[in-house]
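Fold and contact review
Residues per chain are reported as follows:
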Amino acid sequence: MELLMGAAFVLSAAVCARTGVVAWRRRSSTPAATALAAAMAGLTWWSACNAVVQLAAAPLVQSTAVRCSLLGVWVVVTALHLLCRTLVDPHVRLRPATRWVLAAVPSLLAATLVADAAGAGTAWYTRLAPVDGRMSFAFGPLFWVHSAYCYTVLAGGLAVLVRAWWSAAAALRPQFTAVLLSALVPVAGNLVTVARPDLVGGQDVTPLLFAVTGLLCARAVLHRGLLQVVPVARHVVVDTIADGVLVVDAAGHVVDANPAARELARRVRPDVEADLVGLAADRVLGPDQLGDLPGGASRRTVEARPGLHLDVRTTLVSDRRGRSLGRVVVVRDVSEAVGATTRLREQLAEIDRLRAQLAEESVRDPLTGLHNRRFLDGALAAALREAQDTGRPVALLVIDVDHFKRVNDTHGHPVGDAVLVAVAGALRACARSGDVVARFGGEEFVLVLPGVPAPAARERAEDVRRRCAALEVPVAAAPAEAVRPTVSVGVAVHDAAAAGDAAALLAAADRALYAAKAAGRDRVRVDAAVASAS
């Protein structure tokens, strides 16, 4: 039995030593790691001393090991007290009185222990007669003082943890619960060992149970990460900032949220609980808003509700080994900025529309709505270039309203303007796809007919003349009267064999127009060069 228990204590010492080394290496990133490493060191010493008690044969060695094990006990209970406080507040500072008690009482007890052992007194232990070849011990009054001190220190730390559990968020309570339960197990075992040693075969199994406690605490502090990420996030994030901040664990649950985040969550989802901690993150703001949480860092702008635009930034939080501890999600209301951008975009679109309208109006005649001389110059030049490339002809019709000055002098300019508008409508009706109709100036109009040869151009000109001759423009001052305008048309055609530019073509059409007017008006004449060629 002694050999088996000795082996168990040796194994406990080895495991605790290894865990203590791991915790010590993590002390810079995990606030509670230092206290955990100290607790593991005390358990290593305590287990080693109990192994000596089990494996040594000499009573003096056993007695010395029992007394030396008390040093490990003091270290363990003090470290566990500090561990509980650090888990609740990573930046805890003990009061001077507390520090004095934790340092002075064990020192006094150690001095009395040494004096008692040197004087072979019974203040701590009374050595009894051997049982089955091994020495047994009875507890002296100072042992009970030592036990009361240890239970008081441990209970003080657990009380701090219990108060923290009572006020902690739902997501933190399982972590605190695990630490509390793991600490109660060795306490119960020690009570049984002291009160009824016969139930455990006279063996002190307390260090073995405390070793289990240390391993469970190490898992909560070093591996779960939840008790680490939340204090760090609270240290970095101030509750008063305008941005909403959510701390999300690796499982996708909210473990912390500042007031701005709670306010935004209520605006996005009015039915969400007031306390966001413990809820699934996608339930707080929705999966579309949070995006793919298992992925890396991201930033996106989403419309959470009509008119509510959120800028969502997600940042990965990892431990030193690169393992994901969770995410920090920063949410900002950018509705005003998005609205301003939308308004600016609409204003730019309106500016583009007005610019296009202005450009169109700059090449339009304001009275008739036809293209003006500026547009005609460019369109005619382009038609002639295309004619040179394709070999197709271009016909040009110059139309002049007959006796237009007489209309103005007789009926006034408003009637004259009405005549021009009516003639423009007739020309527009004569035009086909690809044709250009323009007001050349005054009472003159021009039709550019790409691809139309001389015979067809003459027919189109006759059609224009007939349509205009059929017009009747009422006179407002004399309802019984009406102006029946006529037009004279000059035709010129540019073909592949012809030379010259737009000015030459216009001059040819003008000559034909003057010939039509000289022949009595209301006529069509074709330029002589075109007529002879046709």
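These notes cover the structure that comes with them. (Residues numbered from 1 in each chain as written. Predicted model: local features only at pLDDT ≥ 70, side-chain atom pairs only at ≥ 80, totals over all residues. Heavy atoms only, no water.)

**Let's talk about the nonpolar core**
Core analysis: the biggest nonpolar cluster contains 40 residues, and Leu36, Leu43, Leu80, Leu83, Leu87, Leu161 and Phe210 have the highest contact counts within it. When contributions to this core are tallied by element, the ones reaching two or more residues are helix H1 (2-25), helix H2 (33-55), helix H3 (59-88), helix H4 (96-118), helix H5 (141-167), helix H6 (173-195) and helix H7 (206-223). Here this core gets 10 residues from one element, more than from any other, and that element is H3. Counting 36 residues, the second-largest nonpolar core is a separate cluster that includes Leu370, Leu427, Val437 and Val473. (Core = buried A, V, L, I, M, F, W, Y, C linked by side-chain atoms within 4.5 Å. Buried < 20%, exposed > 50% of the residue type's maximum accessible area, 1.4 Å probe, protein only. Helix = DSSP H or I, 4+ residues; strand = E, 2+ residues; numbered from the N terminus.)

**Examining the sheet that holds strand E5 (residues 298-305)**
If you trace the 5 strands from one edge of the open sheet to the other, you get E4-E3-E7-E6-E5, paired in antiparallel fashion. Only two strands of the sheet have a single neighbouring strand rather than two, namely strand E4 (254-257) and E5. When strand polarity is set aside, the average angle formed by the axes of neighbouring strands in this sheet is 25°. Strand direction decides the pairing type here: strand E3 (residues 244-249) and strand E7 (residues 324-333), joined by 6 bridges, are antiparallel. Among the inter-strand pairings, Val248 is bridged to a residue of E7, identified as Arg327. Lying over the sheet, helix H9 (residues 259-268) contacts E3, E4, E5, strand E6 (308-318) and E7, oriented at roughly 90° with respect to E3. (Pairing = 2+ DSSP bridges. Axes fitted to C-alpha atoms, helices over the stretch in contact; angles between N-to-C directions. Contact = heavy atoms within 4.5 Å.)

**Side note on helix H15 (residues 413-430)**
When the terminal C-alpha atoms of H15 are compared, their 26 Å separation across 18 residues agrees well with the 26 Å that a helix rising 1.5 Å per residue should span. Within the sequence span of H15, burial applies to Val415, Gly416, Val419, Leu420, Val423, Ala424, Ala426, Leu427 and Cys430. (Expected span 1.5 Å × (residues − 1).)

**Looking at a nonpolar patch on the surface**
Taken together, Leu3, Val10 and Leu55 make up a surface patch of nonpolar side chains, about 300 Å² in accessible area. Along the chain, Leu55 falls in helix H2. (Patch = residues over 30% accessible without salt bridge, like charges linked within 9 Å, V, L, I, M, F, W, Y side chains within 5 Å. Areas by Shrake-Rupley, 256 points an atom, 1.4 Å probe, with all protein chains shown as cover. Salt bridge = Lys/Arg side-chain N within 4 Å of Asp/Glu carboxyl O.)

**Quick look at the pairing of strand E13 (residues 487-494)**
Where burial is concerned, most of E13 is hidden: 8 out of the 8 residues are buried. Every second residue of E13 is oriented toward a common face, with Val487, Val489, Val491 and Val493 on one face and Ser488, Gly490, Ala492 and His494 on the other, all of them buried. With 3 bridges connecting them, E13 and strand E14 (residues 524-526) associate as parallel partners. Within E14, the position partnered with Val491 by the bridge is Val526.

**What about the side chain of Asn50?**
With respect to the helices, strands and loops of the structure, Asn50 is situated in helix H2. Residues in contact with Asn50, not counting those within four places in the same chain, are Phe9, Ser69, Asp204 and Pro207.

**Focus on the pattern of salt bridges**
Scanning the model with the defined rule gives 19 salt bridges in all. For Arg266, the salt bridge identified is with Glu263, shortest N-O distance 3.0 Å. Here Arg266 and its partner Glu263 are both found in helix H9, 3 residues apart, which amounts to about one turn of the helix. The exposure class assigned to Arg266 is partly exposed, which follows from its relative accessible area of 37%. Residue class for Glu263 comes out partly exposed when judged on its relative accessible area of 38%. Between Glu462 and Arg465 there is a salt bridge whose closest N-O contact spans 3.1 Å. One end of the pair, Glu462, and the other, Arg465, are both in helix H16 (residues 454-469), 3 residues apart, so they sit about a helical turn from each other. With relative accessibility at 17%, the residue Arg465 sits in the buried group. It is possible to trace a salt-bridge network through shared partners that takes in Asp243, Arg299, Asp311, Arg313 and Arg332.

**Points about the side chain of Ser69**
By secondary structure assignment, the location of Ser69 is in helix H3. Residue classification places Ser69 among the buried positions, given a relative accessible area of 7%. Setting aside anything within four residues of it in sequence, one finds Ser69 in contact with Trp45, Trp46, Cys49 and Asn50.

**Let's talk about the packing of H3 against H5**
Orientation of H3 relative to H5, taken along the N-to-C sense of each, is 15°, at an axis distance of 8 Å. Our classification of the angle between H3 and H5 gives roughly parallel. Here the hand of the crossing between H3 and H5 comes out left-handed. Only His146, Tyr149, Cys150, Val153, Leu154, Gly156, Gly157, Leu158, Val160, Leu161 and Ala164 of H5 make contact with H3, whose side of the interface consists of Leu70, Val73, Trp74, Val77, Thr78, Leu80, His81, Cys84, Arg85, Leu87 and Val88. Of the residues assigned to the contact of H3 with H5, the class counts are 16 nonpolar, 5 polar and 1 charged. (Parallel < 35°, antiparallel > 145°, perpendicular 65-115°, else oblique. Left-handed = near helix turned anticlockwise from the far one by under 90°. Nonpolar A, V, L, I, M, F, W, Y, C, P; charged D, E, K, R; others polar.)

**Concerning the sheet that holds E13**
Sheet architecture is open: 5 strands sit in the order E9-E10-E8-E13-E14, paired in mixed fashion. A single partner strand is all that each edge strand has here, and the edge strands are strand E9 (436-441) and E14. With direction set aside, neighbouring strand axes in the sheet form an average angle of 20°. Packed on one face of the sheet, helix H17 (residues 502-518) meets strand E8 (394-401), E9, strand E10 (444-450), E13 and E14 and runs near 145° to E13.

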